[in-house]
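What the coordinates show
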Amino acid sequence: MQVPGGHARSLPPEVAHLVEQGYLVQPIADLEVLNTTRRVAQTADEPVENQGRKYPLVVNGTFYGGSDPVGLIVRDGLLDTGGYPICADRGGLARLRDGTIVVGRTQGGRMDQIAAAFGATADNPVEEAMGGGALLIEHGSALSDEDLKNRQNFKQGGGGIHAEQMRKTTHSLVGIRKGMAFHIWAKSKDGATIQSELLAA
């Protein structure tokens, strides 16, 4: 991710207050998905540690099943993997050709489904995308425990908003606020707290 310079003082007020709640918030200027898994990628990226200081911010992406990513991955407009069927209706993010960054619910792992999920067109296709994470907020509303458990298939542990993946730890999120994309680190917070606090932003 390319992040413009600036800290909390330069963030818009709609998200600046999240810093006071313990979040680290950075606006995103550009997004590139890397895939170093040679089992999946036809041409795998070099490990980040071998790329010098090319990227000002690198964050972990989708969950893995063994050594394979469970979520979809698109790089340079080409599909690396459609992900596991269990992840077909989870959260994802994409960058379109015109630079627009979109967060939403994936609708399957084919390129036509990915294009539909992120509002791409023939003139403005998906160039980078990744799926498989939890979608906590959709169209300005909190997603239910039932959605997280039965539609997004987060069933480990207590399932849903209390699934193992939602436990109190450090989480990495991407969100859109008033047309701007932000990367958010949530340190020592669980899924329910994150959902509630971001919804109030």
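Before going further, it helps to spend a moment on the sheet that holds strand E1 (residues 23–27). Pairing is antiparallel in the open sheet, where 3 strands are placed in the order E1-E12-E11. The strands lining the two open edges of the sheet, one partner per strand, are E1 and strand E11 (169–177). Each adjacent strand pair in this sheet contributes to an overall mean axis angle of 20°, direction not counted. Note that E1 and strand E12 (residues 180–189) share 5 bridges and pair antiparallel. Each bridged residue has a counterpart across the sheet, and for Val25 the counterpart in E12 is Ile184.

Time to look at the nonpolar core. The biggest cluster of nonpolar side chains holds 19 residues, and the ones touching the most others in it are Tyr23 and Val25. Every element with two or more residues in this core is listed here: helix H1 (13–20), E1, E12 and helix H4 (191–199). Beyond its immediate sequence surroundings of up to four residues, Tyr23 is in contact with Leu18, Ile184, Trp185, Ala186, Lys189, Thr193, Ile194, Glu197 and Leu198.

With that settled, consider the confidence of the model for the chain. Taken residue by residue, the chain gives an average pLDDT of 89. The fraction at 70 or more is 94%. Confidence drops under a pLDDT of 50 for residues 5–9, and excluding neighbours within four residues, the segment shows 4 contacts in the predicted structure.

This brings us to the layout of surface pockets. Rolling a probe over the atoms, with the probe sized like a water molecule, indicates the empty space that remains. Estimated volume of the largest pocket: approximately 1,400 Å³. If you trace the largest pocket, you find 49 residues lining it, with Val103, Ala134, Leu136, Leu173 and Val174 closest to the centre. Residue assignment for the lining of the largest pocket shows that the elements contributing at least two residues are H1, strand E6 (91–96), strand E7 (101–105), strand E8 (126–133), strand E9 (137–138), E11, E12 and H4. Here the lining of the largest pocket takes 9 residues from E11, the largest share from any one element. Here the residues of the lining of the largest pocket sort into 25 nonpolar, 20 polar and 4 charged. The space that makes up the second largest pocket amounts to roughly 430 Å³. Along the walls of the second largest pocket sit 19 residues, with Leu34, Val59, Asn60, Gly61 and Met130 positioned nearest its centre.

Along the chain, Ala134 falls in the loop between E8 and E9. With 73 residues separating them along the chain, Ala134 and Gly61 place their C-alpha atoms 11 Å apart. Contacts of Ala134, omitting those with residues within four sequence positions, involve Gly91, Leu148, Gln152, Phe154 and Met166.

Cut-offs applied
- Residues numbered from 1 in each chain as written.
- Predicted model: local features only at pLDDT ≥ 70, side-chain atom pairs only at ≥ 80, totals over all residues.
- Heavy atoms only, no water.
- Pairing = 2+ DSSP bridges.
- Helix = DSSP H or I, 4+ residues; strand = E, 2+ residues; numbered from the N terminus.
- Axes fitted to C-alpha atoms, helices over the stretch in contact; angles between N-to-C directions.
- Core = buried A, V, L, I, M, F, W, Y, C linked by side-chain atoms within 4.5 Å.
- Buried < 20%, exposed > 50% of the residue type's maximum accessible area, 1.4 Å probe, protein only.
- Contact = heavy atoms within 4.5 Å.
- pLDDT = per-residue confidence, 0-100.
- 1 Å grid on protein atoms, 1.4 Å probe; cavity = no way out; pocket = protein on both sides within 12 Å on 5 of 7 lines; lining within 4 Å.
- Points joined across faces, edges and corners; volume = space filled by probe spheres on them.
- Nonpolar A, V, L, I, M, F, W, Y, C, P; charged D, E, K, R; others polar.

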